[in-house]
Amino acid sequence: MKLFIDTANIEEIKKINELGIISGVTTNPSLISKEKAILIDSIREISKLIEGPVSAEVTSDTAEGMVKEGKELSKINKNVVIKIPMSEEGLKAVKILNSESVKTNVTLVFSAMQALLAARAGATFVSPFIGRIDDTGNDSINVISDIVEIFKKHNISTEIISASIRSPKNVLDAARVGSNIATVPYKTLIQMISHPLTHIGIEKFNKDNKK
C-alpha cells in the first residue's frame, strides 16, 4: 500500500518527503485555507516538491464549472490530479475530464456503490472517508473491503485512497484489506514511526556501546 500525506503545509511535506515514505499528496480547500494560502500557488509549490500525484480540489457546484477549474489546475504540472466531489455533477465532470486525459480523484465517497459509480465514470482514484464513515456508526473497513473486492472482481483499475485517517490503526486496517493507498496527516505518519520497544532498544544499544 502506498502512502500519501494529507496536508497543504509545505514544511510538513518537505520533512516527510526526506524520509522516503510518501508517494503523493492530497489537499482540500480547508487544508489550504488553514495555511492561509492561495490554491493555485499552493498546488504549484507542492507539485514541484513531489513527483507523485498531487490532488487539487475544485469548488464549483456544476459540471461545467468543475471541468473549467479542473483544466486550469491540471495545467500547473503533469502530476496534478483533480479532486471532484461525489455527485451527479461531479460524475459528469469526471467523464469529461477523463475523455481529455485529465486524472481525477473522486472525494467524499462513503459507500462501495458510490466508489463503483465513480470508477465507471472514469475516475483515476476514489477516496472513501474512513473517519467520517465511522462517525456515522458504520464500519469503514467493511466499506473499504467491499470496494477492494468489487474492483478486483471486475478488473477495475481505479485506485482506492483511504482518506479521513485519524490514527495509525486506520492505516493498518486499510492496508490489511487491500486499499491501494492511504492518505495520512503528518501527525499520524510521525506516530507510525515510533514504538516504545524501539526506543528502549536504541537506549540499550547506546549504553552497551559506551561500555
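Residues numbered from 1 in each chain as written. Predicted model: local features only at pLDDT ≥ 70, side-chain atom pairs only at ≥ 80, totals over all residues. Heavy atoms only, no water.

A. The arrangement of the pairing of strand E6 (residues 125-128) in detail. Side chains Phe125 and Ser127 project from E6 onto one buried face, and the interleaved Val126 and Pro128 project onto a second face that is buried too. Pairing between strand E5 (residues 104-109) and E6: three bridges, direction parallel. Among the inter-strand pairings, Val106 is bridged to a residue of E6, identified as Val126. In this fold, E5 hands off to helix H6 (residues 112-121), which returns the chain to E6; that crossover is right-handed. Across two bridges, the pairing between E6 and strand E7 (residues 159-162) is parallel. When the bridges of E7 are listed, Val126 appears paired with Ile160. (Buried < 20%, exposed > 50% of the residue type's maximum accessible area, 1.4 Å probe, protein only. Helix = DSSP H or I, 4+ residues; strand = E, 2+ residues; numbered from the N terminus. Pairing = 2+ DSSP bridges. Right-handed = clockwise from strand over helix to strand, strands pointing away.)

B. Examining helix H5 (residues 88-99) more closely. A rise of 1.5 Å per residue sets the reference length of H5, with its twelve residues, at 16 Å; its end C-alpha atoms lie 17 Å apart and thus fit the reference within 8%. Of the residues making up H5, those classed as buried are Gly90, Leu91, Ala93, Val94 and Leu97. Projected down its long axis, H5 carries its buried residues within an arc of 160°, all on one side. Residues of H5 that are exposed and angled more than 90 degrees away from the buried face: Glu88, Lys95 and Ser99. Looking at the buried positions of H5, the neighbouring elements they touch are helix H4 (63-74), strand E4 (80-85), E5 and H6. Looking one or two residues beyond H5, the residue adopting positive phi is Ser101, at roughly 65°. (Expected span 1.5 Å × (residues − 1). Arc of directions from axis to C-beta. Contact = heavy atoms within 4.5 Å.)

C. Spatial organisation of the packing of H4 against H5. Direction vectors running N to C along H4 and H5 enclose 45°, while the axes themselves pass 8 Å from each other. By the angle class used here, H4 and H5 are oblique. Crossing handedness for the pair H4 and H5: right-handed. Two secondary-structure elements touch here, H4 through Ala63, Met66, Val67 and Lys71 and H5 through Glu89, Gly90, Lys92, Ala93, Ile96 and Leu97. (Axes fitted to C-alpha atoms, helices over the stretch in contact; angles between N-to-C directions. Parallel < 35°, antiparallel > 145°, perpendicular 65-115°, else oblique. Left-handed = near helix turned anticlockwise from the far one by under 90°.)

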